[in-house]
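Inside the fold
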Amino acid sequence: MSCPGRYSYHPNGDTTGDDGMLYGEYLMLDKLLTAQRPLSAYHGHAVHDEHLFIITHQAYELWFKQIIYELDSIRALFKRVVEETQSLEILKRLNRIVLILKILVDQVMILETMTPLDFMEFRDYLCPASGFQSLQFRLLENKLGVKQEHRVKYNQNYAKVFGNDEQAVKAIEKSESEPSLKELVERWLERTPGLENEGFNFWEKYKKAVNRFLEVKVGPEEFNDDNKDYRNQEYEKKREQFESVLDNRVHDALMSRGERRFSHKALQGAILITLYRDEPRFSQPHQILTLLMDIDSLITKWRYNHVIMVQRMIGSSQLGTGGSSGYQYLRSTLSDRYKVFVDLFNLSTFLVPRSFIPNLGLKIKNHLYSNTDWKTASEDCIQNNEEEKLDVKNF
Ligand code: HEM
């Protein structure tokens, strides 16, 4: 008897005796559940914990697959001009990636129930296999936007790892040549409404606001108290920080050293979105920026949990089965160079207090509640100089 409305899939097109598919068939559990092959048992000395070791790695690879699937679809959405309706879908999928990564961070703990002594009993059997050869992990990094030149030296040469696997090399090359999520987000930020010189011209207003903030709040003329030296230093530091974003040349120098990743225009867009996140039109873009930081931050947490586990299992001086310096190599990947959205983390340096944020003016504000083209609003705004005036109050 067949279920009403049940669909069947027949790779060979044969529908005779059609009863549809059962749970195990649909999920191909025959393949999935027979794919665990502990090498210790094969060598005649079964080690109980090797089963957990295999299952954990397989579970990771399945989740990597899902993350890549979501990431590819998000990149496709960003490739088109992002409409408001699309940003909801982007948010949903980014959030899904974040939730999966949270599980991946915690999953390390399960494997930590294995002791170093247990691991030692089967570790030699797996050599030279290593997570270093996880193709999906590299694809994930590349698709997010980790660049070869930002990796630590040991990790820069894929040929050593995937050289004999033509398909893997092709997949890696493709992931490097396609626009990464970071590049697509950068282009999207560059188009942030409000950046146009002939319209709201956010950047000019922001510069003035920063100067007022530095003068009014931390200006040297106020420094006549006991902490004068300290406050002078604070002021200088703050001024330099703002200069790094206000002065294109400083920004470009930081970019060429890999310390900043977004173009100057994209950074302007990110600052604008962050300052005006309470405006309905910027609320979703702001959530997108927050989720991108969550992704970076969770991957860093995974790297950290993994490296701590590695130290617990093999100490800090044994080589990895993949041939690296092991713990030392992995520790070096915890650097900011592996953070794709590092600029978003540093945005807080460029914020000014709420009372210094340039006023949007009534016209622009009204347009932010509707879907009307921003440009029209900006043109109205030019005619309305009074409304557009910078509204900077002391606090
Ligand atoms: C007992 C548990 C584990 C140990 C001792 C261990 C050890 C290591 C070591 C030493 C490396 C450096 C490369 C090398 O082998 O020379 C490495 C890299 C790696 N491992 Fe593990 N690992 C463990 C569990 C896992 C798990 C559960 C995963 C999940 C997929 C994983 C994924 C990776 C990845 C993706 C890399 C490359 C990281 C990078 O190059 O940035 N490892 N692991």
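These lines cover the structure that appears in this document, whether it is placed above or below. (Residues numbered from 1 in each chain as written. Predicted model: local features only at pLDDT ≥ 70, side-chain atom pairs only at ≥ 80, totals over all residues. Heavy atoms only, no water.)

Details of unusual backbone geometry
That bond from Cys127 to Pro128 is cis: its omega, 5 degrees, falls within 30 degrees of zero. Within the secondary structure, Pro128 sits in the loop between α6 (116-126) and α7 (135-144). Positive phi outside glycine occurs at Met28, with the angle close to 50 degrees. Within the secondary structure, Met28 sits in the loop between α1 (23-26) and α2 (29-32). (Helix = DSSP H or I, 4+ residues; strand = E, 2+ residues; numbered from the N terminus.)

A few points about the nonpolar core
Across soluble globular proteins, nonpolar side chains show a tendency to be buried alongside one another. In this structure, Phe202 and Tyr206 are the most contacted members of the largest nonpolar core, which totals 85 residues. Here this core gets 14 residues from one element, more than from any other, and that element is helix α15 (residues 280-314). Setting aside its immediate chain neighbours within four residues, Tyr206 contacts Phe242, Val245, Leu246, Ile271, Leu275, Phe350 and Pro358. (Core = buried A, V, L, I, M, F, W, Y, C linked by side-chain atoms within 4.5 Å. Buried < 20%, exposed > 50% of the residue type's maximum accessible area, 1.4 Å probe, protein only. Contact = heavy atoms within 4.5 Å.)

Some details on the side chain of Arg260
Along the chain, the position of Arg260 falls in the loop between α13 (248-256) and α14 (264-275). Within the buried set, Arg260 has no salt-bridge partner at all; the shortest N-O distance to an opposite charge, 4.6 Å, is to Asp343. When sequence neighbours within four positions are dropped, the list of residues in contact with Arg260 reads Ser244, Val245, His251, Leu254, Met255, Leu267, Asp343 and Phe350. (Lys, Arg positive; Asp, Glu negative; His and termini not counted. Salt bridge = Lys/Arg side-chain N within 4 Å of Asp/Glu carboxyl O.)

Quick word on the site of the ligand
Taken together, 27 residues lie around the ligand, and Ser130, Arg138, His306, Ser324 and Tyr329 are the ones closest in. Gly322 places a polar main-chain atom, nitrogen or oxygen, 2.8 Å from an oxygen atom of the ligand. At 2.7 Å, a side-chain N or O of Ser324 approaches an oxygen atom of the ligand. Contributing elements (two or more residues each) for the shell around the ligand: α4 (50-79), α7, α15 and α16 (327-332). In terms of residues, the shell around the ligand owes the most to one element, α15, which gives six residues. Of the residues in the shell around the ligand, the class split is 14 nonpolar, 11 polar and two charged. (Near = heavy atom within 4 Å. Polar contact = N/O pair within 3.5 Å; in protein donor to acceptor, adjacent residues only side chain to side chain. Nonpolar A, V, L, I, M, F, W, Y, C, P; charged D, E, K, R; others polar.)

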